[in-house]
Amino acid sequence: MPPIKSFGERIADALVEDGLLSVKQVEELLELQKKEGTRLLKLILEKSYVSELDMVVSMGRVLNVPPVNLSRIGIPQEVAGLVPREMATNHKVLPVSRLDNKLFLAMADPLNVLALDDVKRSTKLEVMPMIASEKAILDKLNNLDGGRSTMEDIIQHAQRQAKEEAEADADADNLVISREVSEDMNLDQLAASSEEAPVIKLANLVIVQAIKDRASDIHIEPFEKTVRLRYRIDGVLVDVTPPPKNLQVALASRIKIMSNLDIAERRLPQDGRMRVKVGGRDIDLRISFLPTVHGEKCVMRILDKSSLASSLEKIGMDTDTFRRFKAAVDAPHGLILVTGPTGSGKTTTLYSALNVLNSPEYNIITVEDPVEFQIAGINQVPTKKEIGLTFANALRSILRQDPDIIMIGEIRDQETAEIAVEAALTGHQVLSTLHCNDAARGRRDRAHGRHGHCAVPDFLGGHPLLRAAPHAQGLLDLQGTAHLSTQDV
C-alpha cells in the first residue's frame, strides 16, 4: 500500500500536473524540507517557483473549493461588516459577497470547521467557502479598515463644511442657492486650500491606497455633482470610494503642488512627475491633467521599481513559454515585441528583461516617451517631439552609438518599425512594444495597418500559441525573434 501523501505533497502534485512545477523541483524541495523542517508549501513560495495566486488555484482544485482573487474585486462595506473584524482576522476569513441567505466567504483554510461554525453562528447565513491566500485576506482587511475610517472621516468633514457654508450664505427666507465652481479662483485661495489637513490627508490616502491595491493607474474624474475615483488593477478599472465634490479643486491643486505644476493653470493640459516613499519603497508617479467640462481630470501612472522582476523566472510564465522567451532574450540579436492593451504589463515585462540583461558587457540604450523607470547602468533617452527628437530620429542617432541592446518604448509608425527591423537584422538586439489587444491583432497591424508594408510579417513568421502562458496570449518565435502578448498580465 503506497504511503499517504501529506496535504503539501498533494498540492505539489497538482502544481506538477498544471505545469507550474517540475518533478525535479519537487524532489529538491522535499529534500530541503527534511533538512530544514519547513512546510513544503512555504518553501515553494519562498523559492518563487509559483505565484501565490497559482498556489491558491491548485489548492482550490485539490480541495474542490473555488478560488478568489481578492485584488481584483471590490467588497462593499456592508458585506465586509457582516463578520466581526476580530473574528475575520483570527480565522483569516473575509466575506466577499452575499446572495439571499448565502454568504460567500474567502478563507485561507477552507477546512477550518471552527471558523465556518463561528461565521455561521454570527451571521445566521449559509456559508459558501472560497479559497484565497492568507496574505491576500489580511491585506484586504487592512485596506478595508484604513480606507473606511480615513475616507469616511474626510467625507464627513467635507459635508459638515459644505453645510456650514450653505447655512451661512442662506438668507432669512431660506432662498435656494445654486453654485458653480468659479474658473477665476484666487491663487492664494487655491494654495491655502491645498495645504489644509483634510486635503493633504485625502491626496496621501488616494495614492497610498492605490499602491497597496497594486494599481497601475489612478483616475480622478470630475462630473457635474460628483467626483469619480477609479484604480486600474490588473488592467481593469475598478471604482473605489470617491472624494467629496467640494474638495475637487483643492485635491487637484494639492496634486499639482506635489508634482511641481502650475496650480493657477486650469485651462490647458499639464504633465508632471512626483516621487513618494511608501513602506520604505520609492515610488515614481507620472501625472497628467486634462481640462474637462466639469473641471480637471487627473490620471496618475504608478511606477514601482520593486514590481520589476529581478529574474525572468519571476515574470510568471509557464515552463514552455519561459524557455522560449528566455532563449529570445539570451539571443545575440533579433526583435522582441511585447503587445497588449493599456495596463497589461508590457513595460514591466520589458524592463524586467532589461534588468536581467543589464551588465557592464553590454551597451544598452533606450528611447522612451517618457522614461518610466530610471535604471542605473542603462542610457535612457526621452523623446521630445516639439524639438524634432522623435523615436525614429533618436533611433538613427542611437545606431551610431555602438549599441548592443536597444529598447524602444513603443513602435507607433512605419518609419520606427523599419528602423527597428533593420537594427535587429544587422546584429542588434531590439526590444519594443505595440499597443493592441492580442498577438494576432498586433501581427495584422504590422502587416496591413498603421505600420504599413515594411516586411515585418516575413521577418517574424512563426505561428501563434493560443494559450502559451497564464500571463501571455501569444508567442511567435523564429531565428531569435519573439513576439509576446501580455494581455491579462
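Let me begin by describing the structure that accompanies this report.

A closer look at the overall build of the chain
Part 1 of the argument: Scanning the chain from terminus to terminus reveals 17 helices and 16 strands.
Part 2 of the argument: Sorting the 489 residues of the chain into buried and exposed places 45% on the buried side.
Part 3 of the argument: For the chain, the share of sequence-separated contacts (at least 6 apart) that also reach a separation of at least 24 residues comes to 57%.
Part 4 of the argument: Total accessible area computed for the chain in this model is approximately 25,200 Å², and 51% of it derives from carbon and sulfur atoms.

As for the nonpolar core
Part 1 of the argument: One finds Ile218, Ile220, Ile255, Leu285 and Met300 to be the most contacted residues of the largest nonpolar core, which totals 30 residues.
Part 2 of the argument: Elements supplying a minimum of two residues to this core: helix 10 (197-212), strand 4 (217-222), strand 5 (227-233), helix 11 (248-258), strand 7 (270-278), strand 8 (281-292) and strand 9 (295-304).
Part 3 of the argument: Broken down by element, this core gets its largest block of residues, seven residues, from helix 10.
Part 4 of the argument: Beyond its immediate chain neighbours, meaning those up to four positions away, Ile220 contacts Val206, Val227, Arg228, Leu229, Leu251, Ile255, Glu296, Lys297, Cys298 and Met300.

With respect to unusual backbone geometry
Part 1 of the argument: Residue Pro370 follows Asp369 across a cis peptide bond; omega there is -10 degrees.
Part 2 of the argument: Here Pro370 shows up in the loop between strand 11 (364-368) and strand 12 (379-382).
Part 3 of the argument: For Lys124, which is not a glycine, the phi torsion comes out positive at approximately 60 degrees.
Part 4 of the argument: For Lys124, the location among the structural elements is in the loop between helix 7 (113-123) and strand 3 (126-131).
Part 5 of the argument: Classification of Lys124 by relative accessible area gives exposed; the value is 67%.

Notes on the sheet that holds strand 3
Part 1 of the argument: Taken in spatial order, the three strands make up an open sheet running 1-2-3, and their pairing is mixed. One side of each edge strand has no neighbouring strand; the edge strands of this open sheet are strand 1 (93-99) and strand 3. Strand after strand, the sheet turns through a mean of 30 degrees between neighbouring axes, direction not considered.
Part 2 of the argument: Here six bridges tie strand 2 (residues 102-107) to strand 3, and the two strands are oriented parallel to one another. Bridge assignment links Met107 to a residue of strand 3, and that residue is Ile131.

Structural notes on the packing of helix 1 (residues 7-17) against helix 4 (residues 52-63)
Two packed helices can be described by the angle between their axes and the distance between those axes.
Part 1 of the argument: Where helix 1 meets helix 4, the axes come as close as 9 Å, and the angle between the chain directions of the two elements is 110 degrees. For the element pair helix 1 / helix 4, the angle class is roughly perpendicular. Residues Phe7, Arg10, Ile11, Ala14, Leu15 and Glu17 of helix 1 lie in contact with helix 4, whose contacting residues are Asp54, Met55, Ser58, Met59, Arg61, Val62 and Leu63.
Part 2 of the argument: A per-class count over the contact of helix 1 with helix 4 returns eight nonpolar, one polar and four charged.

Topic: the packing of helix 14 (residues 391-398) against helix 15 (residues 414-425)
Part 1 of the argument: Between helix 14 and helix 15, whose axes approach to 8 Å, the crossing angle comes to 20 degrees. Relative to helix 15, helix 14 is oriented roughly parallel. The way helix 14 lies across helix 15 gives a crossing that is left-handed. Contacts between helix 14 and helix 15 involve Phe391, Ala392, Leu395 and Arg396 from the former and Glu415, Thr416 and Ile419 from the latter.
Part 2 of the argument: Looking at the contact of helix 14 with helix 15 residue by residue, the class counts come to four nonpolar, one polar and two charged.

Considerations on empty space enclosed by the protein
Part 1 of the argument: Throughout the structure, instances matching the rule amount to four cavities of 30 Å³ or more.
Part 2 of the argument: Put simply, the largest cavity is a space of about 70 Å³.
Part 3 of the argument: Together, Ile220, Pro222, Val227, Gln248, Leu251, Ala252, Ile255, Phe289, Glu296 and Cys298 line the largest cavity.
Part 4 of the argument: Elements that contribute at least two residues to the lining of the largest cavity include exactly strand 4, helix 11 and strand 9.
Part 5 of the argument: Looking at the lining of the largest cavity element by element, the count peaks at four residues for helix 11.
Part 6 of the argument: Among the residues forming the lining of the largest cavity, the class breakdown is eight nonpolar, one polar and one charged.
Part 7 of the argument: There is about 60 Å³ of room inside the second largest cavity.
Part 8 of the argument: In terms of lining, the second largest cavity is formed by Gln248, Val249, Ala252, Arg266, Gly295 and Glu296.
Part 9 of the argument: Contributions of two or more residues to the lining of the second largest cavity are made by helix 11 and strand 9.
Part 10 of the argument: The element that contributes the greatest number of residues to the lining of the second largest cavity is helix 11, accounting for three residues.
Part 11 of the argument: Looking at the lining of the second largest cavity residue by residue, the classes come out as two nonpolar, two polar and two charged.

Points about the pairing of strand 9
A regular strand carries its side chains on alternate faces of the sheet.
Part 1 of the argument: Counting buried positions over the 10 residues of strand 9 gives nine, a clear majority of the element.
Part 2 of the argument: Relative to strand 9, strand 4 runs antiparallel, the two being bridged by four bridges. The residue of strand 9 that forms the bridge with His219 is Val299.
Part 3 of the argument: Where strand 8 lies against strand 9, 10 bridges are found, and the strand directions are antiparallel. Within strand 9, the residue paired with Arg286 across the bridge is Arg301.
Part 4 of the argument: Counting the residues that bridge the hairpin from strand 8 to strand 9 gives two residues.

A closer look at the pairing of strand 13 (residues 405-408)
Part 1 of the argument: Going residue by residue along strand 13, you find Ile405 and Met407 tucked away on one face and Ile406 and Ile408 tucked away on the opposite face as well.
Part 2 of the argument: By the bridge criterion, four bridges tie strand 11 to strand 13 in an arrangement that is parallel. By the bridge assignment for strand 13, Thr366 is matched with Met407.
Part 3 of the argument: Where strand 13 meets strand 14 (residues 429-435), four bridges bridge the pair, whose relative direction is parallel.

A few points about the sheet that holds strand 4
Hydrogen bonds along the backbone pair up the strands of a sheet, which may run parallel or antiparallel.
Part 1 of the argument: Judged by pairing direction, the sheet is antiparallel, and its six strands sit side by side in the order 6-5-4-9-8-7 without closing on themselves. In this open sheet, the two strands that pair with only one neighbour each are strand 6 (236-240) and strand 7. Along the sheet, successive strands turn relative to each other by an average axial angle of 25 degrees, direction set aside.

Side note on the environment of Arg10
Part 1 of the argument: Within the fold, Arg10 resides in helix 1.
Part 2 of the argument: Under the relative-accessibility criterion, Arg10 is labelled partly exposed at 39%.
Part 3 of the argument: Taking the C-alpha atoms as reference points, Arg10 and Ser58, 48 residues apart in sequence, are found 9.5 Å from one another.
Part 4 of the argument: Setting aside chain neighbours within four positions, we find Arg10 in contact with Lys5 and Val62.

What counts and how
Residues numbered from 1 in each chain as written. Predicted model: local features only at pLDDT ≥ 70, side-chain atom pairs only at ≥ 80, totals over all residues. Heavy atoms only, no water. Helix = DSSP H or I, 4+ residues; strand = E, 2+ residues; numbered from the N terminus. Buried < 20%, exposed > 50% of the residue type's maximum accessible area, 1.4 Å probe, protein only. Contact = heavy atoms within 4.5 Å. Areas by Shrake-Rupley, 256 points an atom, 1.4 Å probe, with all protein chains shown as cover. Core = buried A, V, L, I, M, F, W, Y, C linked by side-chain atoms within 4.5 Å. Pairing = 2+ DSSP bridges. Axes fitted to C-alpha atoms, helices over the stretch in contact; angles between N-to-C directions. Parallel < 35°, antiparallel > 145°, perpendicular 65-115°, else oblique. Nonpolar A, V, L, I, M, F, W, Y, C, P; charged D, E, K, R; others polar. Left-handed = near helix turned anticlockwise from the far one by under 90°. 1 Å grid on protein atoms, 1.4 Å probe; cavity = no way out; pocket = protein on both sides within 12 Å on 5 of 7 lines; lining within 4 Å. Points joined across faces, edges and corners; volume = space filled by probe spheres on them.

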